Amino acid sequence: MTVVVPVGTIALDADGALIADLDRPDATAVVAHGGVGGRGNVHFKSSRRRAPDYSEPGLKGEEREITLDLKLIADAGLVGPPNAGKSSLLAALTAARPKVGDYPFTTLDPELGVAEAGGTRVVLADIPGLIEGAAQGKGLGQRFLRHVERTKALVYVLDGSASEPWQDLETVRQEVTQFSVHLAERPYVVAVNKLDLEPARALRAKTRKRGVYFVSALTGEGLPELMGAVVKLVGSAPAPRLPASAVTRLPLRRRSEMVVEKKPLGFVVHGERVERLLERTNLDSEGGLERFQSDLDRLGVNEALEAAGVRPGDTVLIAGVEFEYQP
Ligand SMILES: Nc1nc2c(ncn2[C@@H]2O[C@H](COP(=O)(O)OP(=O)(O)OP(=O)(O)O)[C@@H](O)[C@H]2O)c(=O)[nH]1
Ligand SMILES: [Mg+2]
């Protein structure tokens, strides 16, 4: 069975280990092995039986619980404290129309937009704001950072009219680091927003920092310079990949040992091989039971039963099916 998922989906096993990273169109991954098909009746043709009515049913496929998680694929992520103007910037730079509000946590869901600068298209991701303690779940927490986990670059957006913009940058950077050191190491630029307001202009007058762009999402001032820098960063940065060590190979089913237990109701045979043998044997067909018997012999089941003290006529249970023991 094939499940079609959006590009950017990752598959995790029950322990949270990464099984597959479907980060491009046409990427495929086997997350659970299907059952082996049974052999058709031609396999049982003999001089005596020219058209045998015996065939094997296929095996059941592997059952596995997996989590599919969608991580947006953007070139650059807008990260910053609430109310800094991240959504306003996305709206000013792209055709996206995210919700903008003069209160924290206006953005509840990440949103993407495509910006054009100098003939280059850059996909920007806008995520909810981060506050101090986000790593401990404060505010909306830092879980939305996973949506910018594989961007090539980050744009830290600050409110230039806030009392301590540089402190805000520190706080946000710390939260990003706690989420992922890899993400914190990603190339970035800083966008100090709300340049139309006096405090931001005053801040610009006394700031001499590289990689810091003063902008106004409201008036558009400084936006071309900011986008020029983002395009450059995205163009030169390598595509980030999830750490390879996190990728686990799909383990094949283990074959467990066979065990015979003597119980009041009879002899119970446990063991994957014998259970699977039963699963793929069509007992109702001509010769089915006969074949099953000789397969049991081959697997050493009869021997194990004898060792456990089975007598002809005793009840034997295999995978919930009752048999009468006949050597
Ligand atoms: N004066 C001025 N106000 C701005 C500017 N950019 C955004 N704002 C205002 O700042 C407030 C917050 O803007 P948003 O874009 O919602 O901020 P955000 O960072 O997305 O906020 P959250 O989604 O809550 O984290 C809104 O009232 C905007 O109108 C700007 O350049 N100048
Ligand atoms: Mg927002």
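Residues numbered from 1 in each chain as written. Chains lettered and ligands numbered in written order. Predicted model: local features only at pLDDT ≥ 70, side-chain atom pairs only at ≥ 80, totals over all residues.

1. What to know about the overall build of the protein
Reasoning step 1: Across its full length, the protein holds 8 helices and 13 strands.
Reasoning step 2: When each of the 327 residues of the protein is scored for burial, the buried share is 30%.
Reasoning step 3: A fraction of 59% describes how many contacts in the protein between residues 6 or more apart in sequence connect residues 24 or more apart. (Helix = DSSP H or I, 4+ residues; strand = E, 2+ residues; numbered from the N terminus. Buried ≥ 20, exposed ≤ 12 C-beta atoms within 10 Å, placed from the backbone. Contact = placed C-beta atoms within 7 Å.)

2. Overview of the sheet that holds strand S8 (residues 188-193)
Reasoning step 1: The strand order S5-S6-S4-S7-S8-S9 describes an open sheet built from 6 strands, whose pairing is mixed. Because the sheet does not close on itself, it has two edges, and the strands there are strand S5 (111-117) and strand S9 (212-214). Neighbouring strand axes in the sheet, compared pairwise and without regard to direction, differ in orientation by 25° on average.
Reasoning step 2: Where strand S7 (residues 153-159) meets S8, 6 bridges bridge the pair, whose relative direction is parallel. (Pairing = 2+ DSSP bridges. Axes fitted to C-alpha atoms, helices over the stretch in contact; angles between N-to-C directions.)

3. Things to note about the site of ligand 1
Reasoning step 1: The environment of ligand 1 is made up of 23 residues, and the closest members are Gly85, Ser87, Asp102, Thr107 and Gly129.
Reasoning step 2: A class-by-class count of the residues in the shell around ligand 1 yields 9 nonpolar, 10 polar and 4 charged. (Near = placed C-beta within 6 Å. Nonpolar A, V, L, I, M, F, W, Y, C, P; charged D, E, K, R; others polar.)

4. Let's talk about the pairing of strand S4 (residues 76-79)
Reasoning step 1: A two-sided burial pattern is seen for S4, the buried positions comprising Ala76 and Leu78 on one face and Gly77 and Val79 on the other.
Reasoning step 2: With 3 bridges connecting them, S4 and strand S6 (residues 120-126) associate as parallel partners. Bridge pairing in S6 links Ala76 to Leu124.
Reasoning step 3: Where S4 lies against S7, 4 bridges are found, and the strand directions are parallel. Bridging across to S7, Val79 finds its partner in Tyr156.

5. Notes on the pairing of strand S11 (residues 266-270)
Reasoning step 1: With 5 bridges connecting them, strand S10 (residues 259-263) and S11 associate as antiparallel partners. Bridge pairing in S11 links Lys262 to Phe267.
Reasoning step 2: With antiparallel pairing between neighbouring strands as the criterion, S10 and S11 make up a hairpin whose turn holds 2 residues.
Reasoning step 3: Pairing of S11 with strand S12 (residues 315-318), which is carried by 3 bridges, proceeds in the parallel orientation. Paired with Val269 across the bridge in S12 is Ile318.

6. Side note on helix H7 (residues 288-299)
Reasoning step 1: The terminal C-alpha atoms of H7, which comprises 12 residues, lie 16 Å apart, in line with the 16 Å expected from a rise of 1.5 Å per residue.
Reasoning step 2: Positive phi shows up at Gly300, right after H7, with a value of about 85°. (Expected span 1.5 Å × (residues − 1).)

7. Observations concerning the nonpolar core
Reasoning step 1: If you look at the biggest cluster of nonpolar residues, it comprises 47 residues, and the most contacted ones within it are Val79, Val155, Tyr156, Ala191 and Val230.
Reasoning step 2: Counting residues in each nonpolar core, the second largest holds 9 residues, with Phe267, Val274, Leu277 and Leu305 among its members. (Core = buried A, V, L, I, M, F, W, Y, C linked by C-beta atoms within 7 Å.)

8. Quick look at the environment of Val190
Reasoning step 1: Relative to the helices and strands, Val190 is located in strand S8.
Reasoning step 2: On the basis of neighbour count, Val190 is assigned to the buried category, with 23 C-beta atoms found within 10 Å.
Reasoning step 3: Each C-alpha atom, one on Val190 and one on Val230, is 9.9 Å from the other, the two residues being 40 residues apart in sequence.

9. Here's the deal with the sheet that holds strand S2 (residues 18-22)
Reasoning step 1: Strand order in the open sheet formed by 3 strands is S2-S1-S3, and the pairing between neighbours is antiparallel. Each edge of the sheet is formed by a strand with only one pairing partner; in this case those strands are S2 and strand S3 (67-70). For this sheet, the mean inter-axis angle between neighbouring strands, taken without regard to orientation, is 20°.
Reasoning step 2: As paired strands, strand S1 (residues 9-12) and S2 are joined by 4 bridges and run antiparallel to one another. Looking at the pairing, Thr9 lines up with Leu22 of S2.

10. Considerations on the environment of Thr219
Reasoning step 1: For Thr219, the location among the structural elements is in the loop between S9 and helix H5 (223-236).
Reasoning step 2: On the basis of neighbour count, Thr219 is assigned to the exposed category, with 12 C-beta atoms found within 10 Å.
Reasoning step 3: For the pair Thr219 and Asp196, spaced 23 residues apart in the sequence, the C-alpha separation amounts to 7.1 Å.

11. Notes on the environment of Ala217
Reasoning step 1: Here Ala217 shows up in the loop between S9 and H5.
Reasoning step 2: Residue classification places Ala217 among the buried positions, given that 25 C-beta atoms sit within 10 Å.
Reasoning step 3: Taking the C-alpha atoms as reference, Ala217 lies 5.8 Å from Ala92; in sequence the two are 125 residues apart.

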